[in-house]
Structures are given as C-alpha cells and as structure tokens.
Amino acid sequence: MSAIESVLVENRVFPPSDAATRGARISGMAAYEALCKEAEKDFEGFWARLARENLDWTKPFTKTLNESSAPFYKWYEDGELNASANCLDKHIGTPVENKTAIVFEADDGSVSTVTYKDLLSRVARFANALKAQGIRKGDRVIVYMPMTIDGVVAMQACARIGATHSVVFGGFSAKALNERIIDAGAVSVITANFQMRGGKELPLKAIVDEAIGMGGCDTLRTVLVYMRTPSACNMVAGRDKTFEEVLKGQPDQCEPVSVNAEHPLFILYTSGSTGKPKGVQHSTGGYLLWASLTMQWTFDIRPEDVFWCTADIGWVTGHTYVAYGPLAVGATQVIFEGIPTYPNAGRFWQMIEKHKVTVFYTAPTAIRSLIKAAETDEKVHPKNWNLSSLRILGSVGEPINPEAWMWYHRNVGGERCPIVDTFWQTETGGHMITPLPGATPLVPGSCTLPLPGIIAAIVDESGKDLPNGSGGMLVVKRPWPSMIRTIWGDPERFKKSYFPPEMGGRIYLAGDGAVRDEQRGYFRITGRIDDVLNVSGHRLGTMEIESALVSKTDLVAEAAVVGRPDELTGEAICAFVVLKRPRPKGEEARQIASDLRNWVAKEIGPIAKPKDIRFGDNLPKTRSGKIMRRLLRSIAKGEAITQDTSTLENPAILEQLAEKN
Ligand code: WTA
C-alpha cells in the first residue's frame, strides 16, 4: 500500500451509532472522560471504588495501592477473596444461576452446555479431587489441556483451592513443557489423552510423558488425565490417574479458599528478548477486577449477550476472556475446540449464526486467512450466514491492518457493529488501549485511547514525552491493578525487562512502538521494538528460535533470526543459518531447511517454525563481531541494501544470503 493510500485510510472515522451508545455501560465520550477525570483526581479512590463494587471480598481491603517497593506494586494488599467464588458462587441465588455459562462446540460440531450452577458443581468436585491428590494452596499446577469445558474447570478448580495454575498451550513441544514444569516447580500436570483439531486426534498425554522423561521434573507427583477420546494412552502406575478415577466419590461442594489479593492466581509463560520464556505472574484481586471491568467497559457485556472469544486457554486472552472475565460477569459464552478452517473456512460464521453470538472477539490473523478463503471460495464467505445477532466485534493480538478492519466491519459486522481493537499484553492482564463500543469514534487500524485510569504515553529513550505525530516507545506511567507482579523466580529480570532505570525505574515499558495521531491523540501500535516477533498473534523471541537452531549442534554453527512482514501472519520468521559443513545448495539446501524447521517445531512448537531459512558461509557482522540484524531484516524483506555496509567485514555474504533455496 502506498503512503498516500494509507493516509486516506487512516482518516476514515466511524462514530458510534445511536444503537451502540444507547444503554451502553460507558455511553458517549463525556462518560469516558468523566471516568478518566475521576481517576486523575483521586487515583486510589477510583480503584478502591471499582474493586469494592465489582468483587466479593471475604476480607475487605483497607489499603488500595502500596508503592513502597516499586516496581513491585501491591494492590488491595490486606484484602482477601477467592477468584472462583467471584466467578461462580457469586451468581448462586441470582437469576444467573440457571443461565447457560458455557456453550461448548466440539471439533466435530457436537454441542454441550453447562449452567452456572452445574459449572460450580463440576469445579467444586474437581477442586476436591485436587485436594485429595495432596494439592494445596500455593502449589503450582500445569494445565496442558485442549479447549473444553474441562480446561476451564481445571483452571477454576485450581483457583478455588488457591493453587497457582500455569497453562501451557497444547501446541507447545515436550521440551517447552519440560522447561515450564521445572521453572514453575509444578506438583501436578492436568492434561488429556488426546485433543481433537480439524478432524485429527492429536496426542497430549504422550507429549507430557516425553516432557517428564527429559528429566528435572523433581517436584512433579501426579498427572491427571482427561479422556477426551476413547483412545487409550500410556498410564504410569502411581503417577497417572484419569479424571474418572480422581473424581470418583468426590462431593460437589467445596469451600473456596480465601487468599490474599496479591496471591498468585496464575503464571503464564511468554517470550521475551532473551532465550528463556518468562513466567509472568499475576495476582488474584487486581487481575480479577480487570477481567470483570473490561468485560463491562470494552465489551459492554449485557445479560442477554452471547460472548465468543476464540482464543485458546493457553494464551492470556483465553485466561482473561474465557476462563475468568465472562464468568465473573455472569455471561453466556461459547467455547470452541476446533480450528476456523474445519470442515471449511465458514466455520466461525456458521457458529455465530448457530449460537446467535452477539459479541465476537478474534485475532487479525484469523480474519486475514478467512478473507483469503472467502475470496477464493464464495461458499465460505460470511454473506452465506445470518450474522444479524452480532452487535460488537473485537480484535486482539497484533495490529489489524485497515483493509482487514474494513472487511471485518462490512462483511461480518454488517457495517453496524463497532470494532474494538484491543491493545494489551500477557503482562497487562487485560485491555489497556481500546475503543469503547458506545463511546469512541473508530479509526481503522487504531486502538484509539487508554481505558480510564491507564496512564499510557509515548516517550523517547530517556522517558521524555513525545508530541503527537512522532513515533516512540509505549509506556504506562502509573501502575494498574492487573499488571504483572513479577517474573516467577526472577525479580531482577522483571525489573530489567519492564522498568528501565533510564526512565526512573517506575514506568512500565511495553516493548512496543507506537504513535499518536495529531488530531485526536489516538494510539496506533507500530510493532515490537525488542527482539520479539508476532507471528499470527503468537509471541516468539528471536533468541528463543536462535537457541533452538544452534542446539542442533551436529549441524548448525550459528543462526540469526529476524521477522519480516507477512500478509497473512503479520510477521513471518526468517532464519539465517551457518552450517558446520559447506553451504548447501539446491535440493540439499531444501532438505536441510525442512529438517531444521521440524527441529524447531520439536524444540519449541510448530508455531515457531521459520517460514524462510537461508544459508550462508557466514553472517554479516561488524568488525567487532556484532551481527548486523538491520541488514538481515532488509534481506528478509527482499529489499535492496541501501544501508551503509562499510563496517561490514565480508560484504559478499549479503548476496549469498539473499539467494532463496
Ligand atoms: C501485540 C496478547 C497491535 C503487541 C493479548 C503486544 C497488538 C503483544 C494488539 C502482546 C493490538 C496485542 N494492536 N498490537 N490490538 N494486541 N498486540 O502477550 O505487540 O500474546 O506487545 O498478549 O501483541 O502479545 P501477548
């Protein structure tokens, strides 16, 4: 797209319709501004009011925010509550108790539902089973489960007894799982025999066995296995038990364990700039407040809504907007086991029609791939389904390009549904910068304005504010309740990664570049400014992939990984590799590239497979030995090298690396 076109696109503004504004939780910009003012005038009072109004406390808090050991901020530190009680018990005795909590659609299209009352019974029984396995408050439990009601039950049951869950996405490899079990010091893994995706039965338990077999999982005592399919799986006597076995005879009532507001509800591993994934630790009180509030503010959730967030519980979006948020507000939600392209690329639209979904939340990658499918096959175009139930659309995980935004707006939203382009991160716990459906005029490709109480800004390297129109680093200047508390087991890394001393050590650095437009001060995220890639909305560290490549020690001498823009996946992984043997060409190069891709899939997971692998006799380095990534990025994009290459030790290498296999 040319620069002129992109300016034109960004000038389109879509004010909220009367229908969207009417009855909205935050109705009109004046209401939004009033909340921002309230937060500005009395920051702690604002957050105290919301926490009292939105959560049930077993012991009310008297202190709202403790900044004395910043950046280790504490929220509601003397209060006590239970997250599961705030998602389930809270609704008992209200009209919500017999409402459908979850509509589950399996990969094969079969549907089952569970009411709030029944979900509470299931969670309580499972919580009792966990206790009977000796799992206690403060223990860490890995959840390696497919998208099912039982996955949510497992998370809620952990929360109920005060155990800290750490969900690992079912697409991660045995090696990745092994590292997380060890880092978290987990006592148990909750998994399934298999998962069903796209009509295929894929192993989960076998991967757990492999992960444990790699050694080091000394804290692990039990593996609990949900039999998702009738197929048998290997069971280790004394260690492995089926759900059926552990649930047998367990009562369906279980007193929720009251925990401190700062008690770690979960750890979720995500990629950073260095090789090792970070265990992002979240609190109970502040996190849950934000899950509940953003359901109300961003999705304007109403009693009659049918909410569908397509994210897997393995990602933060599946935590806040599947496992906790919708339940905290008593909403009916859809959970989907399968993939958007099975049995065909009309699956999402068909499901929206079938379940009369009103609020639909998905990722730009999914939208882009469905656009492509609809363009090649009329039969899977959304126009073939009745999508009139929809009232709000959402986007998350990566920047949504204006073209995809417009298509989503026209073909899915029928030009009537606001699109909330929600910017946030694993570390932020929930939405940070996002339009409000009943208030914010929308600009395609912009996540617009921060939520009330979120003091976001764009600054230069020293932390100085930049004027609108100039790009810089996105920061948050004041703490907020659902912020990351620490990196599990590595408080130093937490400080170093997010609170740079050059900025005073108290300002949260998001790791994204952003720019505010001059007219409205709207934020537009321009992408990561660190060594993190965003491929199909999945976060991956370049160093993580490099480490995986060089760990193939018999073959690889050196590797450098960069991202390049990709129409479908947002960014694509491009790896430059130097082998311990002469640079391969033709068929040999293709074969080795394919082997290396599979190797990375085994080390990290299929999502980390490089799309493009190039071989060189060497990598472009400065005379002091630093890899010139800037050049590699240009080569990956297929650009002519216009940068200064005078400091380059061996300029001839550039031509080699530009050659495709
Ligand atoms: C990117 C996902 C642009 C961003 C919730 C961020 C976005 C990273 C948006 C976090 C958005 C997320 N517009 N970019 N609306 N939402 N990102 O931790 O680069 O998996 O830093 O959390 O995704 O990814 P994470």
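Residues numbered from 1 in each chain as written. Predicted model: local features only at pLDDT ≥ 70, side-chain atom pairs only at ≥ 80, totals over all residues. Heavy atoms only, no water.

Participant: So, the UniProt feature "domain: AMP-dependent synthetase/ligase" (unreviewed entry) in the protein chain: which residues are in play, and what are the values?
Facilitator: Within this structure's numbering, the places UniProt gives as "domain: AMP-dependent synthetase/ligase" (unreviewed entry) are residues 98–480. Secondary structure content for residues 98–480 is 30% helix and 22% strand, and the end C-alpha separation is 34 Å. (UniProt positions renumbered as here; feature names shortened; annotations may be inferred. Helix = DSSP H or I, 4+ residues; strand = E, 2+ residues; numbered from the N terminus.)

Participant: Summarise the site of the ligand; cite the residues concerned and give the values.
Facilitator: As a matter of local geometry, the ligand sits amid 17 residues, with D421, T422, T426, D512 and R528 nearest to it. Contacts to the ligand include R528, whose side-chain N or O atom sits 2.7 Å from an oxygen atom. Across the complex, the protein chains shield 96% of the 530 Å² of accessible surface that the ligand would expose by itself. Within the residue set of the shell around the ligand, elements represented by two or more residues are α12 (316–328), β20 (419–422) and β25 (523–528). (Near = heavy atom within 4 Å. Polar contact = N/O pair within 3.5 Å; in protein donor to acceptor, adjacent residues only side chain to side chain. Areas by Shrake-Rupley, 256 points an atom, 1.4 Å probe, with all protein chains shown as cover.)

Participant: Account for the sheet that holds strand β5 (residues 111–115), with residues named and values stated.
Facilitator: Spatial strand order, β5-β4-β17-β16-β18-β19-β20: seven strands in an open sheet with mixed pairing. Of all the strands in the sheet, the pair left with one neighbour each is β5 and β20. Looking at each pair of strands side by side, their axes are set apart by 20° on average, direction ignored. When strand β16 (residues 306–309) meets strand β18 (residues 359–362), the two strands line up parallel, connected through three bridges. Opposite C309, over in β18, you have Y361 as the bridge partner. The strands that helix α6 (residues 116–132) touches are β4 (100–105) and β5; relative to β5, the one it contacts most, it runs at about 85°. (Pairing = 2+ DSSP bridges. Axes fitted to C-alpha atoms, helices over the stretch in contact; angles between N-to-C directions. Contact = heavy atoms within 4.5 Å.)

Participant: Report on the layout of surface pockets, specifying residues and quantitative values.
Facilitator: Counted as a void, the second largest pocket has a volume near 470 Å³. Lining the second largest pocket are 23 residues, and of these S273, K496, S497, L509 and D530 lie nearest its centre. At the level of elements, α16 (491–498) and β24 (508–516) are the ones that each hand at least two residues to the lining of the second largest pocket. Tallied by class, residues from the lining of the second largest pocket come to eight nonpolar, six polar and nine charged. (1 Å grid on protein atoms, 1.4 Å probe; cavity = no way out; pocket = protein on both sides within 12 Å on 5 of 7 lines; lining within 4 Å. Points joined across faces, edges and corners; volume = space filled by probe spheres on them. Nonpolar A, V, L, I, M, F, W, Y, C, P; charged D, E, K, R; others polar.)

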